Every structure is written in structure tokens, then in C-alpha cells.
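# A look at the structure
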Amino acid sequence: MLRGKKILLGISGSIAAYKSTYLVRYLVKEGAEVKVVMTHAALDFVTPVSLATLSKNPVIMDFYSDREAGTWNNHVELGLWADLLLIAPATANTLANMAHGICDNVLLACYLSARCPVWVFPAMDLDMYANASTQANLKILSKMGVKVFEATEGELASGLSGKGRMQEPEEIRDEVVHLFNQKTYWSGKHVLITAGPTYEAIDPVRFIGNHSSGKMGYALANKAASEGAQVTLVSGPTAITELDPRVDLVSVVSASEMNNKVQALFPSVDVGIFAAAVADYTPRQVSDTKIKKNDNELSLDLVKTQDILGNCGKIKSEDQLLIGFALETNDEIKYATEKLKKKNLNAIILNSLKDEGAGFKGDNNKITIIDKNNNILEFGLKSKTEVANDILNFISKLKS
Ligand code: CTP
């Protein structure tokens, strides 16, 4: 139920920390990738060795893993890596620090860097929990968007009985499973995505290609899969190695191979998003042997490739959505709108090479989306993961 989800678990110093070892086990059992960040105070209650063994990842406790060698634990990367940050148990001290932006340990630094949902599970003695300061800090955190799970009633480590127990690890696991398995527009939808460049062979060692990295298509595939879609990614040659294991990858090399695969798949999908930078021309003949240099100039005779997106536009049914990309250098809106109409698309994602940082090479992109009713929506420069999010959000609101 949690396959492909990245969970960062923060553990602070409360006796309830022993329950977090079970929580790690449950989350890993559900398929989540779990990394643990703990405070030094938590060391009194659980060992990093148990947590590292259970999570299958090293446990982070300090800003540096080897201060002399200058090897540090990148809290910003960790914060951005996570799909969910759980702090369980969250002590009165950690909650107070979080509420006031204090950042004197690596767990707090991860919290400040995280862009994902943050959930806290307080655990402390009943009077500490009921204290006006703790309650005020919990209110501050709630207001800032942190989800606070109230402590539960029962027997406490002090021997007293009352409200202050951390939620049980099974309950926390169920909440996490629920969060990631809520039905979205994409749940169960079959999505076909094209990505990367195509290579058009000239001879056994040379080809005509382009600079597409494939990153935008892969980001779309990962995001759609994490939203519950069944994703087939038809990709030209790329150097990308990270792909959500739920994505069905079909690797191709040339435009004609990509066309064959896509035409076979398209009739059965709900949504097609074509981000590939397909070659428009291919050599008429591929030499079987390496072409030798001579004193003359060399001309290549090129023929047009199939317009893969255009072909799908011709057979698209009423209830299918088809989205294309357009990379333009001038008269961007005009050319993109023409492509949208000519290829019978529901929407087109425009990249302008005039926008610094946009396009198919880097990690960022800047897009404008035009739909078939001529609504035009401009976005700022963002990471390709965030752009993928914007694109999927936009598509989910389109009517076929
Ligand atoms: N596309 C395709 N097959 C091709 C060429 C393009 O499927 N042979 C798709 C791309 O994946 C993209 C869209 O069509 O979604 C537009 O690609 P682009 O190269 O901008 O447009 P072209 O139609 O090739 O027009 P031009 O190169 O003349 O701008």
C-alpha cells in the first residue's frame, strides 16, 4: 500500500520511541522507503543500529557523518526527498522548537526544509501535555499546516494515568496508508507518456539525435504513478536511472519504433501525454557498414518520420484526453495553438526557449498551458517535479 512512498521519520527523546521501531517495520512492510532522523535525546530509548537495520538505511543524528572528512548529512535534500515527514514521538521540547523555528539539531533542520506534509505525534507526561505552553505550541504548529495527532489517554511511563501517550504504531501506519491511498482523479487511469529523444541511425555508429534529457516525461510518469495511475512510459534513449517501480517502461530508439509502440498502446489508454522530442526526419537509408570519409562533401537524404502525436489525434475517441508539448523559439502562442488544433489535442504544454531555464535539458522548466478552448495559463520557473504536478493538476480538471 505504500510502494514507492518516501517517509522520513523523526524520533525525539521520549520512552514512546520504542514504539517507533515497530512503526518503521510496519511502514517498510507496506513497501515504503523509510529514513530515520533522531535526536541525541532519543538515543537513551532506542539504538540507531535497530532503526538502521529495520529501515535498511543509515540513521541520521548529526549534521556531520564525519566531521574531519567534511562529510555532512544534507538536511535540505532529506527534507525535499520525503513525501511525508512523521515526527513520532514528538516531545514537548521538539514541538516547542518546531513552533518557534529553532534549528539546533538535524531533525529540526529537516523539518524546516521539508515541503511535504508534516505530521506530529506528541508523547509526554499528562501535565506536560496539558501545560498551556505545550498546548499553545501545538496550536501554532496546527496553524502553520502541521497535522497534530492528539496524544491518547492511558497509563504513562511516570505511573500516572491520563492524556500523553503516543498513538499506537499500527494506528499511525493506517493513517499513512489512508493518506497515500485516497482516491484521486488519477486512481486507476491508464496513462501513456512519451519521453526522451529519438536516435535516427545513419550507419552502425552514427545517428541523428537531439538534446532531450527525458526528465520532463520521467517526472510526469513518476508523479502519475504516485497518484495511483497505471503508467506506461515509452522512452527514447536517456541517462535516467530513477523511475518509480510501478511505471511500465517501454524502451525504444527511433521515431518509427516509438510510433509502432505508441499506436499499439494508445487505443486502450485514458490519457496520452507526449513529451518526447521526436525526430521529424530520418535517413532514407541506413548504411550497413560505417560510412568512410572521402574528399567530397556528404549529403544525407532524409525522409519525414511519422507524427506520433498527430496519428493519435486522428484516432482519439471522445473520452480520451491527448496532451502534447511544443518547443518554440518565436511566435510561441501562435505556433503552439496551431499544433493543438492540427493534432486534435485537448491541451498543449508550451516551452519557450526565450525563457531562461526552460526546455528539455535542465532540471527546471517554465511552461504555459493552452487548452482547446483557448484558455492560456502561465506558470513560473519550477523544478520538473513541480511542473509535472502542475500539468497533472491541469489535466485532471479538463473535460474530454
Ligand atoms: N511529436 C510526435 N511525433 C513527431 C514529432 C512531434 O509525436 N514526429 C510530438 C511531440 O512529442 C510533441 C509535439 O508533437 O508533443 C510537438 O512537437 P514539436 O517538435 O514541437 O512539433 P512538430 O509537430 O514536430 O513541429 P515543428 O518541429 O515543425 O515545430
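Let me begin by describing the structure that accompanies this report. (Residues numbered from 1 in each chain as written. Predicted model: local features only at pLDDT ≥ 70, side-chain atom pairs only at ≥ 80, totals over all residues. Heavy atoms only, no water.)

### Digging into the overall build of the protein chain
Across its full length, the protein chain holds 13 helices and 23 strands. When the backbone C-alpha atoms are referred to their principal axes, the protein chain occupies close to 90 × 50 × 35 Å. Counting every position in the protein chain, which comprises 400 residues, the buried fraction comes to 47%. Once local pairs closer than 6 in sequence are excluded, the contacts in the protein chain between residues at least 24 apart make up 66%. Accessible area for the protein chain stands at about 20200 Å²; split by element, carbon and sulfur atoms hold 49% of it. When the 43 positive and 46 negative side-chain charges of the protein chain are each reduced to one mean point, those points stand 5 Å apart. (Helix = DSSP H or I, 4+ residues; strand = E, 2+ residues; numbered from the N terminus. Buried < 20%, exposed > 50% of the residue type's maximum accessible area, 1.4 Å probe, protein only. Contact = heavy atoms within 4.5 Å. Areas by Shrake-Rupley, 256 points an atom, 1.4 Å probe, with all protein chains shown as cover. Lys, Arg positive; Asp, Glu negative; His and termini not counted. Charge placed at Lys NZ, Arg CZ, Asp CG, Glu CD.)

### Examining the site of the ligand
Surveying the vicinity of the ligand reveals 16 residues, the closest of which are Phe274, Ala276, Phe325, Lys339 and Lys343. Contacts to the ligand include Gln306, whose backbone N or O atom sits 2.9 Å from a nitrogen atom. Here a nitrogen atom of the ligand sits 3.0 Å away from a polar atom, N or O, in the main chain of Ile308. Within the complex, the protein chains bury 76% of what would otherwise be the 570 Å² of accessible surface of the ligand. Listed by contribution, the elements that provide at least two residues to the shell around the ligand are helix H11 (308-315) and strand E18 (321-328). Broken down by element, the shell around the ligand gets its largest block of residues, four residues, from E18. Each residue belonging to the shell around the ligand can be placed in one class, and the counts come to nine nonpolar, three polar and four charged. (Near = heavy atom within 4 Å. Polar contact = N/O pair within 3.5 Å; in protein donor to acceptor, adjacent residues only side chain to side chain. Nonpolar A, V, L, I, M, F, W, Y, C, P; charged D, E, K, R; others polar.)

### Topic: the sheet that holds strand E7 (residues 147-148)
Each strand in a sheet pairs with its neighbour through backbone hydrogen bonds, running either in the same direction (parallel) or in the opposite one (antiparallel). Read from one edge of the open sheet, five strands run E2-E1-E5-E6-E7, paired in parallel fashion. In this open sheet, the two edge strands, each paired with only one partner strand, are strand E2 (33-38) and E7. Alignment of strand E1 (residues 6-11) against strand E5 (residues 84-90), held across four bridges, turns out to be parallel. When the bridges of E5 are listed, Gly10 appears paired with Ile87. Sheet strands touched by helix H8 (residues 169-180): E1, E5 and strand E6 (118-122). Its angle to E5, the strand with the most contacts, is close to 165°. (Pairing = 2+ DSSP bridges. Axes fitted to C-alpha atoms, helices over the stretch in contact; angles between N-to-C directions.)

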